[in-house]
Amino acid sequence: MSNFAMDDPSFYEDFLVEAQEHFELIEQNFLSLEENPGDLDILNAIFRSVHTIKGASGFLGLAKVQALAHIGENILDDLRKGRMALREDVMELLFETVDALKVLVNDVGLTLRKQGQPADPDTSDLIARLEALRGGGAVPSHPAAEEAPSADLALPAELALLDEVGRGVLVDLLGKGGAAMALRIELLPGLLGTAFNPLSMLSMADLVGTLLHSGHLLKGEPDLDAFEADQFPFDLLLLIQPSESPEGVQKLFNGVKHVRIHYHLLEPGRCTPPQAQAELGRKAAPDKPAAPEKAGSDTIRVSQAKLDAFMNTVAELIISKTMINHLVERFESEVTEGPAGDLVKELRKSSVYLDQVSKEIQASVLGIRMVPVKTIFAKFPRMLRDLAKASGKKIELQMIGEDTEIDKSLIEELSDPLIHLIRNSADHGVESPESRLAAGKPETGTVILRARHEGDTVIVEIEDDGKGIDPAVIRAKAVEKGLLTPDRAEQMTDEEAINLVFLPGFSTAAKVTDISGRGVGMDVVRSNVRKLNGNVSVQSVVGKGSVFTLRLPLTLAIIDALLMKAGGQVFALPGTAVEETLLVPPETVSHLTRRKAINLRGEVLGVTRLRELLQFQETDEDLEGEELPVVVLSAGGRRMGLIVDAFMRRQEMVIKPLASYLASLPGISGASVMGDGGVVLILDPAELLALAVQEAL
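In this convention, every chain numbers its residues from 1, walking through the sequence in written order. In keeping with the model being predicted, local features are shown solely for residues with a pLDDT of at least 70 and side-chain atom pairs are shown and tallied solely at 80 or more, while totals for entire chains, interfaces and linings include all residues. Derived side-chain values reflect all non-hydrogen atoms in the structure, with water molecules and hydrogen atoms excluded from consideration.

### Considering the overall build of the protein chain
Move 1: Numbering of helices and strands runs from the N terminus; a helix is a DSSP stretch of H or I covering at least four residues, while a strand is a stretch of E covering at least two. Helix and strand counts for the protein chain stand at 21 helices and 23 strands.
Move 2: Three labels apply to residues, based on accessible area from a 1.4 Å probe with only protein chains included: buried if under 20% of the type maximum, exposed if over 50%, partly exposed otherwise in between. Counting across all 697 residues of the protein chain, residues that qualify as buried make up 46%.
Move 3: Contacts spanning at least 24 positions in sequence make up 71% of the contacts within the protein chain whose residues lie at least 6 apart. Every residue pair with non-hydrogen atoms within 4.5 Å of one another is taken to be in contact.

### Regarding the packing of helix 1 (residues 9-35) against helix 2 (residues 40-59)
Move 1: Helix axes are fitted only over the stretch in contact, all axes being lines through C-alpha atoms; the angle between N-to-C directions runs from 0 to 180 degrees. One can describe the packing of helix 1 onto helix 2 by two numbers: an axis separation of 9 Å at closest approach and a directional angle of 155 degrees. It follows that helix 1 is roughly antiparallel to helix 2 by the angle criterion. Like other packed secondary-structure pairs, helix 1 and helix 2 cross with a definite hand, here left-handed. Residues F15, E18, A19, H22, F23, L25, I26, N29, F30, S32 and L33 of helix 1 lie in contact with helix 2, whose contacting residues are I42, L43, A45, I46, S49, V50, T52, I53, A56 and S57.
Move 2: Here the contact of helix 1 with helix 2 is built from residues that sort into 14 nonpolar, six polar and one charged. For this classification, under 35 degrees means roughly parallel, over 145 means roughly antiparallel, 65 to 115 means roughly perpendicular, and everything else is oblique. Each helix crossing is assigned a hand: it is left-handed if the near helix lies turned anticlockwise from the far helix by less than a right angle, otherwise right-handed if that turn is clockwise. Residues are sorted three ways: Asp, Glu, Lys and Arg are charged, Ala, Val, Leu, Ile, Met, Phe, Trp, Tyr, Cys and Pro are nonpolar, and all the rest, Gly among them, are polar.

### Quick word on the pattern of salt bridges
Move 1: Salt bridges are defined as contacts in which a side-chain nitrogen from Lys or Arg sits within 4 Å of a carboxyl oxygen from Asp or Glu. Counting across every chain of the model gives 41 salt bridges.
Move 2: Note that R382 and D99 form a salt bridge whose closest N and O atoms lie 2.6 Å from each other. Remark: D99 occurs in helix 4 (residues 88-113) and R382 occurs in helix 13 (residues 380-391); sequence separation between them is 283 residues.
Move 3: Accessibility expressed as a relative area gives 8% for R382, which makes it buried.

### Some thoughts on the pairing of strand 23 (residues 679-683)
Move 1: One ladder, built from two bridges, connects strand 14 (residues 569-574) with strand 23; its direction is parallel. Among the inter-strand pairings, F571 is bridged to a residue of strand 23, identified as L681. Paired strands are those between which DSSP finds at least two bridges.

### Regarding helix 16 (residues 471-480)
Move 1: Inspection of helix 16 places P471, I474, R475 and A478 among the buried residues, and these make up the whole buried set. One side of helix 16 carries all its buried residues, which in axial view fall inside an arc of 100 degrees.
Move 2: Any pair of nitrogen or oxygen atoms within 3.5 Å is treated as a polar contact; in protein, a donor-acceptor pairing is required on top of that, and neighbouring residues in sequence qualify only through side-chain atoms on both sides. Between the side-chain oxygen of the N-cap and the backbone nitrogen of A472 there are 3.0 Å, and the N-cap of helix 16 in question is D470.
Move 3: Phi for G482, located one or two positions after helix 16, is positive at around 75 degrees. Directions are taken from the helix axis to each C-beta atom, and the arc is the one they span.

### Quick notes on the pairing of strand 10 (residues 457-464)
Move 1: Of all the eight residues making up strand 10, seven are buried; the element is thus mostly covered by neighbouring parts of the structure.
Move 2: Where strand 9 (residues 444-454) meets strand 10, eight bridges bridge the pair, whose relative direction is antiparallel. Directly across from R450, in strand 10, lies its bridge partner E461.
Move 3: In terms of strand pairing, strand 10 meets strand 12 (residues 545-553) through eight bridges, oriented antiparallel.

### Quick word on the nonpolar core
Move 1: As used here, the term nonpolar core means buried Ala, Val, Leu, Ile, Met, Phe, Trp, Tyr and Cys residues forming a set that is joined through side-chain atoms within 4.5 Å. One finds F15, L68, L183, I185, L238 and F253 to be the most contacted residues of the largest nonpolar core, which totals 69 residues.
Move 2: With 12 residues, helix 4 is the largest single contributor of residues to this core.
Move 3: In this structure F253 touches L183, M201, M204, A205, V208, L238, I240, I261 and Y263, once residues within four positions along its chain are discounted.
Move 4: In terms of nonpolar packing, the next biggest core, distinct from the first, is built from 47 residues, I376, M383, A388 and I498 among them.

### Side note on the sheet that holds strand 10
Move 1: Taken together, five strands build an open sheet; the order of strands is 7-9-10-12-11 and the sheet is mixed. Across the chains shown, the open sheet's two edge strands, defined by having one partner strand only, are strand 7 (394-400) and strand 11 (535-541). With strand direction ignored, the average angle separating the axes of adjacent strands in the sheet is 15 degrees.
Move 2: Bridging between strand 7 and strand 9 involves seven bridges; their strand directions are parallel. Bridge pairing in strand 9 links Q398 to I448.
Move 3: With respect to the sheet, helix 13 is in contact with strand 7 and strand 9, its orientation differing from that of strand 7 by roughly 165 degrees.

### Brief notes about unusual backbone geometry
Move 1: Even without glycine at this site, D120 takes up a positive phi of about 45 degrees.
Move 2: Tracing the backbone shows D120 in the loop between helix 4 and helix 5 (124-137).
Move 3: Of note, the phi angle at R601 is positive, near 50 degrees, even though the residue is not glycine.
Move 4: Secondary-structure assignment places R601 in the loop between strand 17 (595-600) and strand 18 (603-609).

### A look at the packing of aromatic side chains
Move 1: The rule is short: rings of Phe, Tyr and Trp, with Trp giving its six-membered ring, pair when the centres are within 6.5 Å, and they are stacked under 30 degrees, edge-to-face over 60, tilted in between. One pass over the structure, following the stated rule, counts two aromatic pairs.
Move 2: Seen from their ring centres, F30 and F95 are 5.1 Å apart, and the 70 degrees between their planes marks the pair as edge-to-face. Of the two residues, F30 is situated in helix 1 and F95 in helix 4; the sequence distance between them amounts to 65 residues.
Move 3: Look at F95 and you get buried, because its relative accessible area is 1%.
Move 4: Between F502 and F548 the ring centres are 6.2 Å apart and the planes differ by 90 degrees, which places this aromatic pair in the edge-to-face class.

### Some thoughts on the packing of helix 3 (residues 63-80) against helix 4
Move 1: In contact at an axis separation of 10 Å, helix 3 and helix 4 are set at 155 degrees when each is read in the N-to-C sense. By the angle between their axes, helix 3 is roughly antiparallel relative to helix 4. Remark: the crossing between helix 3 and helix 4 carries left-handed chirality. For the pair formed by helix 3 and helix 4, the contact residues are K64, V65, L68, A69, I75, L76 and L79 on the first element and V90, L94, T97, A100, L101, L104 and V105 on the second.

### Description of the sheet that holds strand 22 (residues 668-673)
Move 1: Pairing is mixed across the open sheet formed by five strands, whose spatial order is 21-13-14-23-22. Because the sheet does not close on itself, it has two edges, and the strands there are strand 21 (646-654) and strand 22. Averaged over all adjacent pairs, the angle separating strand axes in this sheet is 35 degrees, with direction ignored.
Move 2: In the sheet, strand 13 (residues 558-566) pairs with strand 21 via seven bridges, with the strands oriented antiparallel. Each bridged residue has a counterpart across the sheet, and for L562 the counterpart in strand 21 is R650.
Move 3: Contacts from helix 10 (residues 304-334) reach strand 13, strand 21 and strand 22 within the one sheet, and its direction differs from that of strand 21 by about 145 degrees.

### Some remarks on the environment of R639
Move 1: Checked against the element boundaries, R639 lands in strand 20 (residues 638-643).
Move 2: For R639, the contacting residues outside a window of four places in its chain are E579, L600, E603, L605, V632, L633, S634 and L689.
Move 3: Separated by 2.9 Å, the side chains of R639 and E579 make a polar contact.
Move 4: Of the polar contacts made by the side chain of R639, one reaches the side chain of E603; its length is 2.6 Å.

Without other data, these values stay purely geometric and don't point to any function.
Below, the structure is given as structure tokens:
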């Protein structure tokens, strides 16, 4: 933290969150600006975002961020005021500037959290190119600028250490006949331990004018021997071009507690007279009545760690509730009459009430954790734009269902699979403009990113109108790479062949590019999605395009599951994968080669015993005797029946990850705790289907 002006990390954490939000807005607006170069509203929105980042970084002593944001802000100001044309080279340099700002801000996070070595890029060349661009694109300077103060700008003693960026801002403003107010803000010891964030004063400045510059001023050379924990070795600085009178500015800022503010009115040709400075200082005393408070926001930021802790507490509550229900059931089976029986009835009522309350708490915490998928979708328009330029293609991205909500923990893990799939659509899917025109298609390809809810499942689809996946090519590649025998390849359906793209090391790329073609990607997608208790599948038509479909649970923490027994063990199957349960007479089970099947309402459905599939116990039993309990499950567009020993009940389960040495168990995705304290294993539907296919080969 020694590189930062402030010792309280919460100020920087707030800055990191806010900066990330602004970066997303900036990129979205950049893409809109390319389509509508003359839209002043878009330019103003971009300018405000960069302006906010510049102001906050200066306040926090992040000089490199502030310097780059400052010149970027100048370019944007020239664009919105018509002093520069929005050419392609200008747009590319603005994109490069935002990318560099992202790296610098990410460095702040790395240093703050001690998570790695900052990149610390040299931005001098970029700033020089921005300055050169601005010099070539600007209109002649305002005549008054010829008489502007130089670097020896006369300033009050309290502002003598103003940095060069701040001096340059004042030179420009005063030279054009404008006036400014400088606020030197002394942070008092009482600030420590309060919820007040000095960054809030940046927004206050915009209420009474335009924030020109922010920074911090050292009170003197740091003296480590005289260091006191409750004393700040610097003051904060705001330079404002006021739209209100000096008294109006003071009235607003007088309400800020735990600071002492010294006001300086700076006008062309002179500084504020000492008498006026003294009067301004007296008006800033902290014991003055506070200004009326602004209406507060109805939202607050909560860290992911706090949400995870809350979720874990709710999970333990659900486990406790299940244990209490189990105890009540035992009492009910043993005590039915007399006072004890009445007490058991009261206990059941309390148990039912606890169940209702716990469900409401569970729904509340899940609602808090839910965020719209647009938080991750927002990064892809820029990414696809860059991919299209790199490959010489024209690609349009359409996003549907951006407000579909999903657990925040899933959002973070979903990023990599979607990046792989969109890169795949851009490189393997959409053809070049020439090829598309020759095939009778528009030269601009389309990639659709779509999200929706289906029950307790979130469906995310990546669709393109490209050349599609040729199953014949896939079969040939699989045989060439030794992944399949020629006979097995011929026996596969087109759908099975297409899904071979998810095998490790499989690639049909003719050459390696910066986008794809290294034989990695699709297997990573499947692996990552399975870690989320989801599955991925693909459908494709040659010449028409492909659709990759990801099916994910709404949350990873709690699921509705079907409990059943097999091989003397209790297992849980996620309810989202269960289509139905039924009892089947053994004599209706048919044998097809090495597979068993049943006739389910006219459909041939493959079935397998769960205990054999998991190799929990060898068995030579015939399918004879009583009716067989069968669970019909589906995953990734496939269906099969699982023969189990007995059904138990539906129950909410809290998923606990398996220990590392158990994580590789086939067909198992996690575990949970039962009401009696026992552990139940949670099955992975997609892996069970894959195991069934392997068993039949």
